[in-house]
Amino acid sequence: SVPLVRMSGICKTFPGVKANENVDLVLNRGEVLALLGENGAGKSTLMNILCGLYRPDSGHILIDGKPASISSPSDAAALGIGMVHQNFMLVDTMTVAENVVLGIRDLPFVPDMREISARIRDLSATYNLSVDPDAFIWQLSVGEQQRVEILKLLYRNARILILDEPTAVLTPQEARDLNDVVQRMKAEGKSAVFITHKMDEVTEFSDRVMVLRRGSVAAEKNT
């Protein structure tokens, strides 16, 4: 069957640094891929290319077997790709619901916040991501803020989730809760790429492992 994502021959150079050199990556439907490698191996660069923050110097991306031109995060979002960055992209002085819909293009000029909050409550219940849509971001713990980032992607119907060292900021219980969320999404045929340094999480979360070393693929194995 056609993979959900196929990145082929991806190269990206920054001044003095080859961040990605001829990288091929495949992500199948309903799969969690753990992306490993030391700091500076090119993991975040590769994922920033997939989510539209960087353009590759060469190489191409297929989504559902079709060529995809991803030149901005909104292009990525339209293809169902979303990323939870290590530093959350939330506005402290706005509510959870306002943050979730911030930047959605086809929202009415005066959005119905009650309807939006109700949909967020439904998603929260479905994925066990308990967070109050009416709370302000500054009132939330780090773990709750991460839930808002994930809800943002689910609200936009993302089917390819990129999680950049998501458990670095979480308590052990929050990390287990996150794994439950990822497994539930997997059961629905959604897929995730999980950047991590923790080997116990690799075995717990992922189906397949890809290791980057100095910008190139060093290994690819089933977990």
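Nothing here was measured: the structure is a model prediction, and the numbers come from that model. (Residues numbered from 1 in each chain as written. Predicted model: local features only at pLDDT ≥ 70, side-chain atom pairs only at ≥ 80, totals over all residues. Heavy atoms only, no water.)

A. Region of the structure containing the packing of helix H4 (residues 113-127) against helix H5 (residues 142-155). Viewed as axis vectors pointing N to C, H4 and H5 meet at an angle of 105°, and their least axial separation amounts to 10 Å. Taken together, the axes of H4 and H5 lie roughly perpendicular to each other. Contacts between H4 and H5 involve Ile-116, Arg-119, Ile-120, Leu-123, Ser-124 and Tyr-127 on the former and, on the latter, Leu-151, Leu-154 and Tyr-155. Along the lines of polarity and charge, the residues of the contact of H4 with H5 split into seven nonpolar, one polar and one charged. (Axes fitted to C-alpha atoms, helices over the stretch in contact; angles between N-to-C directions. Helix = DSSP H or I, 4+ residues; strand = E, 2+ residues; numbered from the N terminus. Parallel < 35°, antiparallel > 145°, perpendicular 65-115°, else oblique. Contact = heavy atoms within 4.5 Å. Nonpolar A, V, L, I, M, F, W, Y, C, P; charged D, E, K, R; others polar.)

B. Structural context of the sheet that holds strand E4 (residues 58-63). A sheet is described by the order of its strands in space; here four strands give the open sequence E2-E1-E4-E5, paired in antiparallel fashion. Edge positions in the open sheet fall to strand E2 (17-27) and strand E5 (66-68), since each of these has one partner strand only. Ignoring which end each strand starts from, the neighbouring axes of this sheet average 30° apart. Sheet analysis places strand E1 (residues 5-14) next to E2, joined by seven bridges and oriented antiparallel. Bridge pairing in E2 places Ile-10 opposite Val-23. Set on the sheet, helix H1 (residues 43-50) makes contact with E1, E2 and E4; between it and E1 the angle comes to about 120°. (Pairing = 2+ DSSP bridges.)

C. Layout of unusual backbone geometry. Unlike most non-glycine residues, Asp-64 shows phi in positive territory, near 55°. Considering the arrangement of structural elements, one finds Asp-64 in the loop between E4 and E5. Looking at Asp-64, the relative accessible area reads 25%, which means it is partly exposed. Although it is not a glycine, Glu-165 sits at a positive phi angle of roughly 45°. Residue position: Glu-165 is located in the loop between strand E7 (160-164) and helix H6 (172-187). Glu-165 gets classed as buried once you look at its relative accessible area, which sits at 19%. (Buried < 20%, exposed > 50% of the residue type's maximum accessible area, 1.4 Å probe, protein only.)

D. Seen up close, the pattern of salt bridges. Scanning the entire structure with this criterion turns up twelve salt bridges. Linking Asp-57 and Lys-12 is a salt bridge whose minimum nitrogen-to-oxygen distance equals 3.8 Å. Taken together, the positions of Asp-57 in the loop between H1 and E4 and Lys-12 in strand E1 put the pair 45 residues apart, joining distant regions of the chain. Between Arg-121 and Asp-134 there is a salt bridge; the shortest N-O distance is 3.2 Å. (Salt bridge = Lys/Arg side-chain N within 4 Å of Asp/Glu carboxyl O.)

E. Geometry of the pairing of strand E10 (residues 216-222). Sheet analysis places strand E9 (residues 208-213) next to E10, joined by six bridges and oriented antiparallel. Counterpart to Arg-213 in the pairing with E10 is Ser-216. From the end of E9 to the start of E10, which pair antiparallel, there are two residues, and Arg-214 there has a positive phi angle of about 50°.

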